[in-house]
Amino acid sequence: MSRADWKRGRFSATEEGERIDRGLRAWQRHVGDVIAYWRFSHSRSVSNDIYDESDEGGLAYDGPWPVPVLHATHVEAGDQENDRGFYTVDTLEISAVFAQVQKIGLTQADIHNDQYLRDRIAYDGRLFRITQMSILGQIRRQDVLVSITAVEVKPDELTADSVFAQYIPAAGAGER
């Protein structure tokens, strides 16, 4: 990196950003993972005005797109007690290179305006909904890393979303 008090240094922020991207891509190729990502289509979806759930025609998603990630951690949660009994909800923590996430149409504006909250991720045979997305690192306002947190979508929540039919267990197959 160049010194702040020099007009020109040996390295620039652009060059450093490119080196970091190359290093992260190499890391992802050797030890990384891949998720399937669906973008929620606001223009094609039909939802109930009161309950904000899918209505006739259902919710529309674009994808799935394979997204290379640096690391994905699937945490199988224990039973959580609520007023209806026990309910198990897994979580997913993902670290990814922002340039990879941009390829599916997510931009910094989407992250700051919560446009991703209805998107879906498939990993380890389960479907997840995104609850949080954060920028982890920047070089001169150029995003480098992104963190994604997601929670499992249970089969009973997928009744009208035919695009995710493969994540609904067959009748009699039981649910974990």
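The structure we're discussing is the one just above.
Residues numbered from 1 in each chain as written. Predicted model: local features only at pLDDT ≥ 70, side-chain atom pairs only at ≥ 80, totals over all residues. Heavy atoms only, no water.

Trainee: Outline the pattern of salt bridges, listing residues and values.
Mentor: Scanning all chains against the criterion turns up five salt bridges. D90 is paired through a salt bridge with R126; the nearest N and O atoms lie 2.9 Å apart. With D90 in the loop between β5 (85-88) and β6 (91-97) and R126 in strand β8 (residues 126-139), this residue pair connects regions lying 36 residues apart in the sequence. Across this residue pair, the class does not change: D90 and R126 are buried. The closest approach of N and O atoms between R126 and E152, which form a salt bridge, is 3.6 Å. Residue R126 is located in strand β8, and its partner E152 is located in strand β9 (residues 142-152); the two are separated by 26 residues in the primary sequence. The exposure class assigned to E152 is buried, which follows from its relative accessible area of 8%. Counted as one network, the salt bridges with shared partners bring together E76, D90, R126, E152 and K154. (Salt bridge = Lys/Arg side-chain N within 4 Å of Asp/Glu carboxyl O. Helix = DSSP H or I, 4+ residues; strand = E, 2+ residues; numbered from the N terminus. Buried < 20%, exposed > 50% of the residue type's maximum accessible area, 1.4 Å probe, protein only.)

Trainee: Any chance you could break down the sheet that holds strand β2 (residues 61-69) for me, citing the residues and the numbers?
Mentor: Strand order across the open sheet formed by seven strands is β2-β1-β7-β8-β9-β6-β3, with antiparallel pairing between neighbours. A strand with exactly one partner marks an edge of an open sheet, and here the two such strands are β2 and β3 (71-75). Averaged over neighbouring strand pairs, the angle between their axes works out to 30 degrees when direction is ignored. Here seven bridges tie strand β1 (residues 33-40) to β2, and the two strands are oriented antiparallel to one another. Considered in β2, the bridge of F40 is made with Y61. (Pairing = 2+ DSSP bridges. Axes fitted to C-alpha atoms, helices over the stretch in contact; angles between N-to-C directions.)

Trainee: Got a sec to walk through unusual backbone geometry? Specific residues and values, please.
Mentor: A cis geometry characterises the amide bond from G63 onward to P64, with omega recorded as 5 degrees. Positive phi, close to 60 degrees, is recorded for D124, a residue that is not glycine. Within the fold, D124 resides in the loop between β7 (120-123) and β8. In this structure D124 comes out as exposed when scored by relative accessible area, which is 51%.

Trainee: Run through the nonpolar core, naming residues and quoting values.
Mentor: Soluble globular proteins tend to bury their nonpolar side chains together. Counting 22 residues, the largest nonpolar core has I35, Y37, L92, I94, I121 and M133 as the members making the most contacts within it. What I121 contacts, discounting residues up to four positions off in sequence, is I35, A36, Y37, W38, L92, I94, R126, L127, F128, I130 and I148. Counting ten residues, the second-largest nonpolar core is a separate cluster that includes L59, Y61, V153 and Y167. (Core = buried A, V, L, I, M, F, W, Y, C linked by side-chain atoms within 4.5 Å. Contact = heavy atoms within 4.5 Å.)

Trainee: Would you mind going over the pairing of β3 in detail, with residue names and values included?
Mentor: Regular strands place their side chains on alternate faces of the sheet. In β3, alternate side chains face the same way, and those of A72 and H74 are buried while those of H71, T73 and V75 on the opposite face are not. Where β3 meets β6, five bridges bridge the pair, whose relative direction is antiparallel. Counted as the bridge partner of V75 is T91 from β6.

Trainee: Requested: an account of the environment of G63, with residues and values cited.
Mentor: Structurally, G63 is set in strand β2. Under the relative-accessibility criterion, G63 is labelled partly exposed at 38%. Separated by 23 residues in the primary sequence, G63 and F40 have C-alpha atoms spaced 9.0 Å apart. Once residues lying within four places of it in the same chain are set aside, the contact partners of G63 are Y37 and W38.

From the geometry alone we can't say anything about function, so treat these as descriptive.
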